[in-house]
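Inside the fold
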Amino acid sequence: MMDTYVISPVSNLEPMRLGDRIFVLAHLWVQFPHYREFIYSLVDEEADRWITLDNSAAERALVTEDVLIDICHELMPSEVIAPDVLFDKDETIKNAIAFKIRMEKEGLLDTIDIFFCPQGKTKEDWLEAYAWGLEQDWIQTIGFSKIAIPQAWFPDNWKDDQNIMEARHMAYDYLKEKGMLLKPIHCLGQGSPLEFAYYDHPAMRSTDSVFPVLAAANGQDFKVDHKTRTPTPHNYLETFDMKDVDMDLVKSNVHFLKKQCLYRK
């Protein structure tokens, strides 16, 4: 069983309530006061609900270490994704080490888990970063990026927002065969709601995405069409107006996703 997080444009954050956990995007936290108020309201409703603070690297938001640390103090999330650099193994590892030292100095390391997202342009680089993450006892969770893994496992025909499910299944199969699924794994984003029924190892913890909402906004019902993949437009979360979106369809799509996450092949 995998838990789900639901992400939604800031024009209507209510779909976030449909997730099992709360996914907080750092760049939205900084930009929108009503986003912060909504997250705080969710915390007030269920104080022990798991909160993941994302560094917004996938959104190319360039959130700094200082900003992440400030949000950690304000929100006190369950875990925070250390700053990573897309496709750059060495800088991502360097950033993670610096972030751990900073978390320790700020008195946050004992109360907030560190989540590490391996990066690399090649499969070899990505696997080296992943293995490094396993070796660090201060890293509790490892992320399967929907951007980095397709780049690493399909280097010759990589296209942004494509082959997400296929590449992550390849990475999963390799790690499972090698006995390397040793820490909880979170799948960052998704390309297909069908991806998650494939995972039969208990290390596969959770996934987050705006896709059930984006699909509903386009009239896509996962029960009828779960294969069409619409890439998330740039600034979608900040600018899309949710007023005409069928909320029953959003709920139906989330329900479909959750059923996939419950199923084990």
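Here's a quick rundown of the structure. (Residues numbered from 1 in each chain as written. Predicted model: local features only at pLDDT ≥ 70, side-chain atom pairs only at ≥ 80, totals over all residues. Heavy atoms only, no water.)

The contact between helix H4 (residues 89-105) and helix H5 (residues 123-135) brings their axes to 10 Å, and the two run at 15 degrees. The pairing of H4 with H5 is recorded here as roughly parallel in orientation. The two elements H4 and H5 cross, and the hand of that crossing is right-handed. Between H4, through Lys-89, Ile-93, Ala-96 and Ile-97, and H5, the contact on the second element is made entirely by Asp-125, Glu-128, Ala-129 and Trp-132. Partitioned by chemical class, the residues of the contact of H4 with H5 number five nonpolar, no polar and three charged. (Axes fitted to C-alpha atoms, helices over the stretch in contact; angles between N-to-C directions. Helix = DSSP H or I, 4+ residues; strand = E, 2+ residues; numbered from the N terminus. Parallel < 35°, antiparallel > 145°, perpendicular 65-115°, else oblique. Left-handed = near helix turned anticlockwise from the far one by under 90°. Contact = heavy atoms within 4.5 Å. Nonpolar A, V, L, I, M, F, W, Y, C, P; charged D, E, K, R; others polar.)

Next up on the list: the pairing of strand S8 (residues 204-209). For S8, the buried fraction is high: six of the six residues fall into the buried class. Bridge count between strand S1 (residues 3-6) and S8: four bridges; the pairing is parallel. Following the sheet pairing, Val-6 is matched in S8 by Ser-209. (Buried < 20%, exposed > 50% of the residue type's maximum accessible area, 1.4 Å probe, protein only. Pairing = 2+ DSSP bridges.)

Let us now look at the sheet that holds strand S2 (residues 22-25). Strand order in the open sheet formed by eight strands is S1-S8-S7-S6-S5-S4-S3-S2, and the pairing between neighbours is parallel. Either end of the sheet is taken by a strand with one partner, and the two such strands are S1 and S2. Going across the sheet, the axis of each strand differs from the next one's by a mean of 25 degrees, ignoring polarity. Sheet topology note: the strand S3 (residues 51-54)/strand S4 (residues 79-81) ladder contains two bridges and is parallel. When the sheet's bridge partners are listed, Thr-52 is paired in S4 with Glu-79. Seen against the sheet, helix H2 (residues 33-45) touches S2 and S3 and runs at an angle of roughly 155 degrees to S2. Relative to the sheet, H4 contacts S4 and strand S5 (113-116), its axis offset from that of S5 by approximately 175 degrees.

What follows covers the side chain of Gln-119. With respect to the helices and strands, Gln-119 occurs in the loop between S5 and H5. Judged by relative accessible area, which is 0%, Gln-119 ranks as buried. A polar contact is formed between the side chain of Gln-119 and the side chain of Asp-84, at a distance of 2.8 Å. At 2.8 Å, the side chain of Gln-119 forms a polar contact with the backbone nitrogen of Phe-87. In this view, Gln-119 contacts Asp-84, Val-85, Leu-86, Phe-87, Asp-88, Lys-89, Thr-92, Asp-125, Trp-126, Ala-129, Ser-145 and Ala-148; residues no more than four positions away in its chain are not counted. (Polar contact = N/O pair within 3.5 Å; in protein donor to acceptor, adjacent residues only side chain to side chain.)

What follows deals with the environment of His-234. The topology assignment puts His-234 in the loop between helix H8 (211-217) and helix H9 (236-239). The exposure class of His-234 is exposed, given its relative accessible area of 64%. At 3.5 Å, the side chain of His-234 forms a polar contact with the side chain of Asn-235.

Attention now moves to the pairing of S5. Relative to S5, S4 runs parallel, the two sharing three bridges. Residue pairing in the sheet places Glu-79 in a bridge with Asp-113 of S5. What joins S4 to S5 is H4, and the crossover it makes is right-handed. Bridge analysis of S5 against strand S6 (residues 139-145) gives three bridges, and the strand direction is parallel. Bridge assignment links Ile-114 to a residue of S6, and that residue is Ile-139. As a crossover connection, the stretch from S5 through H5 into S6 is right-handed. (Right-handed = clockwise from strand over helix to strand, strands pointing away.)

Glancing now at the pattern of salt bridges. Evaluation of the coordinates by the stated rule reveals 16 salt bridges. Across the salt bridge formed by Asp-200 and Lys-176, the nearest N and O atoms sit 2.8 Å from each other. Highlighted residues: Asp-200 in the loop between strand S7 (185-188) and S8 and Lys-176 in helix H7 (residues 164-177), separated in sequence by 24 residues. With a relative accessible area of 30%, Asp-200 lands in the partly exposed category. What emerges from the salt-bridge pattern is a single network uniting Glu-65, Asp-66, Arg-102 and Glu-106. (Salt bridge = Lys/Arg side-chain N within 4 Å of Asp/Glu carboxyl O.)

One non-glycine residue, Met-76, adopts positive backbone phi at about 50 degrees. When you line up the elements, Met-76 lands in the loop between helix H3 (65-75) and S4. A relative accessible area of 40% means that Met-76 is categorised as partly exposed. At Phe-87, a residue that is not glycine, the phi angle is positive and equals roughly 70 degrees. Here Phe-87 lies in the loop between S4 and H4.

Read these as geometric descriptors, not functional statements.
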